[in-house]
Amino acid sequence: MKKFYIAGSGGMLGDAFYNVFSNKFITKCSDKIANENWLTELDFTNYENYKLEVENFGSDCLIHLGAMTNLEECEFNPDQTYLNNTKSVEYAVKISNDMNIPLVFISTAGIFDGNKDTYDDFDTPNPLSHYGKSKFLSENYIEKYSNNYLICRAGWMMGGGKKKDKKFVNKIISQLLDGKSELNIVSDKNGTPTYTYDFAEQVLLLLKKNIRGKFNVVCEGLTSRIDVCMEILDYYNLRGKIKINKVNSDFFIDTYFAKRPISERLINSKLNSFSLNIMRNWKICLQEYLDKEFKDILK
């Protein structure tokens, strides 16, 4: 494959996919808002425009990245959620089938209910939120109707730097930059981080090996929000200098009211069975990410 069309690539994951794929292949990246010079403007909820863009590019593979990922926004706007996260995927399936090219779809650990401590590739999803449901519906549609697909489920995302990281790592660092002397961290949420660059490299490897199907793709090592926070503090030599208040998720219920699983810990069972797991330990990836994007930010 020589040409990759990457749709919905204006966010933290798209940044990594652009950097990984454009170094090796001809790529075209688009997003609803073209916030980089390497992005073209495309709203993939418009089927005709989406189809025309991918066909005119002559893509050898369609990577459908974009989605509404803010869980509270998804709860407030279910119609928009399913349009962006599910209906657009139906469009991507039709486009890829018509062009006879593979489709790559990014799913999430949020499709599970958290009643188990860990989930492998074969566990049955039971999403709690509109976001999780929209992703699970897309998985089902792809498996039923796509002729050639690769579904990769991510965990807690790390990447994008200060400009694009809207997740936990940047939220902690932003509080430290604001001079916070104590942090309120939930003690009842467990997961597996996913470094965007490792994720992109893993997807590329599976495509190169012509592997298809559905895979968990997360960093190695089971962890929690508390553990990730402590690693960040250790990186800046702030452990013991910043007070950590362990709180229940209900502490943030006014802000984060969407239902979230207690555990979003994924296991890369299928990657391991194929002997193709190149996902590194989350602590190594976190340090690399901080070195790359936030090294001197608190000095």
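Here's a quick rundown of the structure. (Residues numbered from 1 in each chain as written. Predicted model: local features only at pLDDT ≥ 70, side-chain atom pairs only at ≥ 80, totals over all residues. Heavy atoms only, no water.)

On to the overall build of the chain, then. A tally of helices and strands in the chain yields 11 helices and 14 strands. A compact globule built from 299 residues would reach a C-alpha radius of gyration of about 19 Å, and the chain, at 19 Å, matches this within 12%. Projected onto its principal axes, the C-alpha coordinates of the chain cover approximately 60 × 40 × 40 Å. Split into buried and exposed, the 299 residues of the chain put 55% on the buried side. Contacts spanning at least 24 positions in sequence make up 80% of the contacts within the chain whose residues lie at least 6 apart. Counting every atom, the chain has about 13400 Å² of accessible surface; 46% of that belongs to carbon and sulfur. (Helix = DSSP H or I, 4+ residues; strand = E, 2+ residues; numbered from the N terminus. Rg over C-alpha atoms; globule rule 2.2 N^0.38 Å. Buried < 20%, exposed > 50% of the residue type's maximum accessible area, 1.4 Å probe, protein only. Contact = heavy atoms within 4.5 Å. Areas by Shrake-Rupley, 256 points an atom, 1.4 Å probe, with all protein chains shown as cover.)

What follows covers the environment of C29. Mapping C29 onto the fold places it in strand 2 (residues 26-31). On the basis of relative accessible area, C29 is assigned to the buried category, the value being 2%. Each C-alpha atom of the pair C29 and E41 lies 8.8 Å from the other, and the pair is 12 residues apart in sequence. Apart from the residues lying within four places of it in its own chain, the contact partners of C29 are I6, S9, Y18, W38, L39 and T40.

With mixed pairing, 3 strands are arranged side by side in an open sheet as 12-9-14. Only two strands of the sheet have a single partner each, and these edge strands are strand 12 (223-224) and strand 14 (263-264). Where strand 9 (residues 190-191) meets strand 12, 2 bridges bridge the pair, whose relative direction is antiparallel. Bridge pairing in strand 12 links N190 to S224. (Pairing = 2+ DSSP bridges.)

To characterise two packed helices, one gives the angle between the axes of the helices and the distance between these axes. Remark: helix 9 (residues 225-235) packs on helix 11 (residues 282-293), axes separated minimally by 11 Å, with the N-to-C direction vectors making an angle of 45°. On the basis of their axis angle, the class for helix 9 and helix 11 is oblique. The hand of the helix 9/helix 11 crossing is right-handed. Together, D227, V228, E231, I232 and Y235 of helix 9 and W282, K283, L286, Q287, L290 and D291 of helix 11 make up the contact between the two elements. Per-class residue counts for the contact of helix 9 with helix 11 are 6 nonpolar, 1 polar and 4 charged. (Axes fitted to C-alpha atoms, helices over the stretch in contact; angles between N-to-C directions. Parallel < 35°, antiparallel > 145°, perpendicular 65-115°, else oblique. Left-handed = near helix turned anticlockwise from the far one by under 90°. Nonpolar A, V, L, I, M, F, W, Y, C, P; charged D, E, K, R; others polar.)

Let us look at a nonpolar patch on the surface. Taken together, the side chains of F76, I253 and F257 make up a nonpolar region of the molecular surface, amounting to roughly 310 Å² of accessible area. Residue placement: I253 occurs in the loop between strand 13 (243-247) and strand 14. Accessibility expressed as a relative area gives 39% for I253, which makes it partly exposed. (Patch = residues over 30% accessible without salt bridge, like charges linked within 9 Å, V, L, I, M, F, W, Y side chains within 5 Å. Salt bridge = Lys/Arg side-chain N within 4 Å of Asp/Glu carboxyl O.)

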